[in-house]
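Given next are the chains, with one letter for each unit.
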Amino acid sequence: MEIKKGIGVSPGIVISTAVVLDAENLVIPQRRIDPARTDEEVKRLEHAFAAGVEDLTKLRNETTAAHGKEIGGIFDFHLGILRDKSITKQIVKEIKEQHSTAEYAVSTVMRRYAHQFTAMKDRYLSERVKDIHDIERRVLKLLIGAKHEDLGHLTQSVVVIAHDLLPSQTAALDRVHVKGFATDAGGRTSHTAIVARAMGIPAVVGLGDLTAEVSGGDTIIIDGNRGVVIINPDEEQLAEHREFEKKLVKLEAELTTIRDLPAQTLDGHSVSLQANIEFPEEIPDALRRGASGIGLYRTEFLYLASPTEPTEDDHYKAYVESLKLLAGRPLVLRTLDLGADKYTQEKAAQPERNPFLGDRSIRMCLHDIPMFKRQLRAIMRASVLGDVRIMFPMISTLMELRQAKMVLNDVMEELEDEGLPFRREISTGIMVEVPSVAMMPNEFAKEVNFFSIGTNDLIQYTLAVDRTNEKVAGLFSPAHPAVLRLIRDVIRAGTRNSIAVSVCGEMAGEPLYTLLLLGLGLTIFSMNGPDIPEVKKIIRSTTMEHAKQVARRVMSFDSERQVMHFLREETRKIIPEAF
Ligand code: PEP
Ligand code: MG
């Protein structure tokens, strides 16, 4: 058994079998075989080893010829391992005694072996771990060969273990069979984590070297609440987690009972709780959780989920479907926010140096007007079918906003010429997620109908912390007083200029910040659907007066720790079981 601590990014507990995705997406879902098949499995193993020796010998000879004996000699170490009888013996033993598949036996023994090397003090020897993983991969590839399984053809429930998952890969996960995931890389507000929360499956990221420790077929507990992953748990751990799992299911059932009650404080102040989505299919679930509309539709997922560029009609169909499902409730369509950690497969092949500061989002759209117009045309065509609002992401200057609005105007003129109906008075807003906007909100407020504060990016850009980098995840915090001051000022500017302000970053769905945001005067919270009931419970358990007092006190603090400590205490006072 091994317990690993990472960052819990999507709550819930799951106990299931691991499939490990490495860089080449090799999957070993099956761990055990019928005992009658062990001889067959040993034969498969011998063939794979023989083929491995053949391939490696060829590779060594070619490398030696091209680069000299020293470089070619690297593969002698690989060959030595494949020819090492003690290793083959251990693998065969694993197949015969544990009735393991050849793949699982190779993976288990090789990883055990790699572990011994990691522990070695000698730098040269500890570096050999990478070589062992390399050999493991080589043999696995040979074994899996034609019967290469991918995540698209799962037949049993699994948890996915990967070095990293692209948001598009996460979104494409088979929702019936994938019950959770855990990755080496990533942070709380990486889009992969956001998608996991939206899917409602437990996930832990930032685990460092998890993929090196887990073999496909291992039993894994993913505890998304505590940010823990347990590899091959013992009976005690299993029992404890099964118990915890039951409690969570009960809590969830309790929360759904408040679904149809208004999001109103004890002294009668109402707020709107809306949902963030990536796909229209998430809308029914969001409504079930009590969402009063969609405060953020991340439309770029249309690009991420498809190998080809969506057409105007693809956009239109997705928006019409959403509006039908929403039956008159508001739908905030955010225009494409591609780039940074959301690349199409094609773009991912040519990475930028600092993608979060690069050609991202509205910048990319203004560099590719035909692509931008395709989407705007679809939005405007759909605007007559429901309460559609447009939101431009990552605006950093007034000029950018004006340019975006100019393109929108062009689109309206085109539609008019073509005789197609649209709503000219469409509500238009921006994401406030770059400090340059949050620091001059009054000027921006005069040119838009609403603000939506994107705390995920606002925190990242204010605190200089890459939201996807697990190494600095500890520095990423909504509670930093500098971030809080920006949020306060943006809400104030909204009130002063009579425009609506929402928060649609992850902070809006974190119960720890509900009292504070309410007290700062926020009236629209947009979050992942599963977070709505708990936030509503807090709102219904407090008064506006209390929330304002909390906010005043919080704004007097100069450290993130004080803020977190105080908010935890205050929230526990009204909901003792919180956190
Ligand atoms: C944000 O930045 O807070 C936000 C809501 O947008 P995204 O997470 O898609 O960047
Ligand atoms: Mg953002």
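Structure first, text after, so check above.
Residues numbered from 1 in each chain as written. Chains lettered and ligands numbered in written order. Predicted model: local features only at pLDDT ≥ 70, side-chain atom pairs only at ≥ 80, totals over all residues. Heavy atoms only, no water.

Here we come to the overall build of the protein chain. Counting secondary structure elements, the protein chain contains 26 helices and 16 strands. Relative to the globule expectation of 25 Å for 579 residues, the C-alpha radius of gyration of the protein chain, 27 Å, shows essentially globular dimensions. Overall, the C-alpha framework of the protein chain stretches about 75 × 60 × 45 Å when taken along its three principal axes. Put simply, the protein chain has 579 residues, and 55% of those count as buried. Taking contacts inside the protein chain between residues at least 6 apart in sequence as the whole, the part at least 24 apart equals 69%. Taken as a whole, the protein chain presents about 25,300 Å² of accessible surface, with 52% of it coming from carbon and sulfur. If the 73 positive side-chain charges of the protein chain are averaged to one point and the 83 negative ones to another, these points end up 3 Å apart. (Helix = DSSP H or I, 4+ residues; strand = E, 2+ residues; numbered from the N terminus. Rg over C-alpha atoms; globule rule 2.2 N^0.38 Å. Buried < 20%, exposed > 50% of the residue type's maximum accessible area, 1.4 Å probe, protein only. Contact = heavy atoms within 4.5 Å. Areas by Shrake-Rupley, 256 points an atom, 1.4 Å probe, with all protein chains shown as cover. Lys, Arg positive; Asp, Glu negative; His and termini not counted. Charge placed at Lys NZ, Arg CZ, Asp CG, Glu CD.)

The environment of ligand 1 is formed by 17 residues, the closest being Arg298, Arg334, Gly454, Asn456 and Arg467. Residue histidine 191 places a side-chain N or O atom 2.9 Å away from an oxygen atom belonging to ligand 1. Contact distances for ligand 1 include 2.7 Å between an oxygen atom and a side-chain N or O atom of arginine 467. Protein burial of ligand 1: of its 290 Å² of free accessible surface, 100% is covered by the chains. Secondary structure elements with two or more residues in the shell around ligand 1: helix H9 (191–199), strand S10 (294–298) and helix H21 (455–463). The dominant element in the shell around ligand 1, judged by the number of residues it contributes, is H21, at three residues. Residue composition of the shell around ligand 1, grouped by class: four nonpolar, five polar and eight charged. (Near = heavy atom within 4 Å. Polar contact = N/O pair within 3.5 Å; in protein donor to acceptor, adjacent residues only side chain to side chain. Nonpolar A, V, L, I, M, F, W, Y, C, P; charged D, E, K, R; others polar.)

This paragraph deals with the coordination of the magnesium ion (ligand 2). The coordination sphere of the magnesium ion (ligand 2), as far as protein atoms go, consists of Glu433 (OE) and Asp457 (OD), spread over 2.0 to 2.1 Å. Here glutamate 433 is found in the loop between strand S13 (427–432) and helix H19 (435–438), whereas its partner aspartate 457 is found in helix H21, with 24 residues between them in sequence. Residue class for aspartate 457 comes out buried when judged on its relative accessible area of 2%. (Donors = N, O, S within 2.8 Å, 3.2 Å for Na, K, Ca; no water.)

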